[in-house]
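Notes for the structure review
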Amino acid sequence: MESSSLKDLVGPLDRASYVSLLSKIIGEARHVQNNPPELVPKEDRVARHVLDVLLPLSTSTGGGPLIISHVSYSDGRGNIIAEYPGSDPDRILSFVGCHMDVVTADPSDWDFDPFSLSVDGDKLRGRGTTDCLGHVALVAELMRRLGETRPALKNTVVAVFIANEENSSVLGIGVDALVKDGLLNKLKKGPLFWIDTADKQPCIGTGGMIAWKLRATGKLFHSGLPHKAINPLELAMEALREIQSRFYKDFPPHPKEEVYGFATPSTIKPTQWGYPGGGVNQIPGECTISGDVRLTPFYSTTDVAKKLQEYVDDINANIEKLDSRGPVSNYVLPDENLRGKLSISFDEAMMSGVACNLESRGFHVLCKATEEVVGYVKPYSITGSLPLIRELQDEGFDVQTSGYGIMATYHARNEYCLFSDMCQGFQVFISIISQLEEGSA
């Protein structure tokens, strides 16, 4: 089917239909915040609105060609697989990654209610409009229109709406479970478009992430007698400086980062301080610095974690050689047989970055569609992290990523998207399908 004929048959994104569905979905945002154990989302509250749109056009009801599966691995936390069948069993494309959970929002910190959709001209406002409930509604509208207009396609078009993307501490609920059970295996036959980024351009690279915690143990004492103490704050600061210095020597900017257009190389930095409390005239006995490593996908998170542990072990073994701060600052008290000590731990599951295949058919059709619809194509890479997609790539999927929300509002207060951007996203999807129809299997 030619691009123009599919575009004419399916038509543009219908504002009334899209806004109606998005309004219902954003109305559930309060109940799909993902921050366990306090907030455990019930993604089925979003899924039921998607099913209300798609089931009437499905084989389940006899109302249409869509094949719909609702797959749950945890009560109230389902995934949806929606399929528009094509005539050639060896040709397929998929839109995956639209997740039905959101990050938390504090209504007192917003200028409008995060948990209901408000419309301000082109702006559609509320938690999840950019990440990622706006995309859930967008892809649902695409599948609805395919079901209504029934174009004769060679390619099967599959949409996968997932649970549990915003948290990696609990697994086996979302796309990881679908892959493990083989429910997405046939998607390996064609490009998989992960629709959960922003700014309408192909995102061709993402970062790996390691959350770390560096604990320094010293000796508590009165601050007027600092020579009797081992100051864990100074120990932690000097140790972190040494760790950072070694990290940047071992993991320097990689030549491929320029090819992929990464905004930054790999980094390690502190983001949180913690200590047990006490008076300002008291040197504490311990403290903790927490932070993260953001790693371009050309380095291994496993290798980095191993190196960080080696750095800490070496600093502990040679703690006398670590720079101190002032004439009585020290990390060893020989008369008391005391030594300061460091330990490092990694709190959450490590996440690997992704470098998309720039030679694949999926990348080429996404670029052509973007240029055709948006007017230009400028792929980008960031060391922000997207969970799950590296695992898909490692399993043999041709993963490409894009999205039509606004990066500046991602995980932010006063989140919004633009209807005009979502309209362009809809047309990009139509162009992708059309191009893959025209190409050979």
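Residues numbered from 1 in each chain as written. Predicted model: local features only at pLDDT ≥ 70, side-chain atom pairs only at ≥ 80, totals over all residues. Heavy atoms only, no water.

As annotated in an unreviewed UniProt entry, the protein carries the name Acetylornithine deacetylase protein and is attributed to Dioscorea alata.

What follows concerns the packing of aromatic side chains. Inspection of the entire model under this criterion finds ten aromatic pairs. Relative to Tyr248, the ring of Phe247 lies with its centre 5.2 Å away and its plane at 85 degrees, an arrangement referred to as edge-to-face. Relative to Phe429, the ring of Tyr404 has its centre 5.8 Å away and its plane inclined at 85 degrees; by these criteria the two rings are edge-to-face. Here Tyr404, found in the loop between β19 (398-402) and β20 (416-418), pairs with Phe429, found in helix α11 (residues 419-438); they are 25 residues apart in sequence, far enough to count as distant. As far as the burial class goes, Tyr404 and Phe429 line up, both buried. (Phe/Tyr/Trp six-rings, centres within 6.5 Å; stacked < 30°, edge-to-face > 60°. Helix = DSSP H or I, 4+ residues; strand = E, 2+ residues; numbered from the N terminus. Buried < 20%, exposed > 50% of the residue type's maximum accessible area, 1.4 Å probe, protein only.)

Our next topic: the side chain of Ser17. Turning to its location among the elements, Ser17 is positioned in helix α2 (residues 15-26). A distance of 3.1 Å separates a polar atom in the side chain of Ser17 from a polar atom in the side chain of Arg144. In contact with Ser17, not counting residues within four places along its chain, are Glu141 and Arg144. (Polar contact = N/O pair within 3.5 Å; in protein donor to acceptor, adjacent residues only side chain to side chain. Contact = heavy atoms within 4.5 Å.)

This part covers the side chain of Lys219. Secondary-structure assignment places Lys219 in the loop between β9 (208-217) and β10 (221-222). On the accessibility criterion, Lys219 (17% relative accessible area) is buried. Of note is the side chain of Lys219, whose polar atom sits 3.0 Å from the side chain of Glu336. In this view, Lys219 contacts Lys228, Ala229, Ile230, Ile283, Pro284, Gly285, Leu333, Glu336 and Leu338; residues no more than four positions away in its chain are not counted.

With that out of the way, let us pick up unusual backbone geometry. Here the residue pair Pro36 and Pro37 is connected by a cis peptide bond, since its omega of 5 degrees sits within 30 degrees of zero. Checked against the element boundaries, Pro37 lands in the loop between α2 and α3 (44-54). At the junction of Asp131 and Cys132, the peptide bond is cis and its omega measures out at 0 degrees in the coordinates. Relative to the assigned elements, Cys132 resides in the loop between β5 (123-125) and α4 (133-149). With phi around 60 degrees, Asn164 is a residue other than glycine that occupies positive phi space. Counting through the fold element by element, Asn164 comes out in the loop between β6 (156-162) and α5 (175-180).

Right, let's talk about the pairing of β9 for a bit. By the criterion of burial, β9 is predominantly enclosed, with seven of the ten residues buried. Two elements, β9 and strand β13 (residues 286-295), share ten bridges in a ladder whose sense is antiparallel. Bridge pairing in β13 links Ala216 to Cys287. Direction of pairing for β9 relative to strand β16 (residues 341-346): antiparallel, over a ladder of six bridges. Bridging across to β16, Ala216 finds its partner in Leu342. (Pairing = 2+ DSSP bridges.)

All right, on to the sheet that holds β9 then. Spatial strand order, β11-β13-β9-β16: four strands in an open sheet with antiparallel pairing. Where the open sheet ends on each side, the last strands, each with one partner, are β11 (267-274) and β16. Looking at each pair of strands side by side, their axes are set apart by 25 degrees on average, direction ignored. Lying on the sheet, helix α6 (residues 232-250) is in contact with β9, β11, β13 and β16; it crosses β11 at an angle near 165 degrees. Sitting on the sheet, helix α8 (residues 301-317) touches β9, β11, β13 and β16, and the angle it makes with β16 is about 170 degrees. (Axes fitted to C-alpha atoms, helices over the stretch in contact; angles between N-to-C directions.)

On to the nonpolar core, then. By size, the foremost hydrophobic cluster in this structure holds 64 residues, and its most contacted members are Tyr18, Phe95, Met143, Phe161 and Ile432. If we ignore the near neighbours within four places in the chain, the residues touching Phe95 are Val139, Leu142, Val157, Val158, Ala159, Val160, Phe193, Ile195, Phe429, Ile432 and Ile433. The next biggest cluster of nonpolar side chains, apart from the first, holds 30 residues, and it includes Val158, Val179, Tyr260 and Phe298. (Core = buried A, V, L, I, M, F, W, Y, C linked by side-chain atoms within 4.5 Å.)

Another aspect to go through is the pairing of β19. Along β19, five of the five residues are buried, which leaves the element largely enclosed by surrounding structure. On β19, burial covers both faces: Asp398, Gln400 and Ser402 on one face and Val399 and Thr401 on the other are all buried.

Taking 1.5 Å of rise per residue, the 19 residues of α6 would be expected to cover 27 Å, and the 26 Å separating its terminal C-alpha atoms lies within 8% of that figure. Within α6, burial applies to Pro232, Glu234, Leu235, Ala236, Glu238, Ala239, Leu240, Ile243 and Phe247. Where the residues of α6 are buried, they touch β9, β11, β12 (282-283), β13, α8 and β16. For α6, the N-terminal capping position is held by Asn231, with its side-chain oxygen 2.9 Å away from the main-chain nitrogen of Leu233. (Expected span 1.5 Å × (residues − 1).)

Turning to the sheet that holds β20, a few remarks are in order. Backbone-to-backbone hydrogen bonds join strands into a sheet, with any given pair of strands oriented parallel or antiparallel. Taken in spatial order, the three strands line up as β4-β5-β20 in an open sheet, and their pairing is antiparallel. Both outer strands of the open sheet, β4 (118-120) and β20, are each paired with one neighbouring strand and no more. Going from strand to strand, the sheet's axes swing by 25 degrees on average, the running direction of each strand aside. Bridge count between β5 and β20: three bridges; the pairing is antiparallel. Looking at the pairing, Arg125 lines up with Tyr416 of β20. This element, α11, spans β5 and β20 of the sheet and lies at about 60 degrees to β20.

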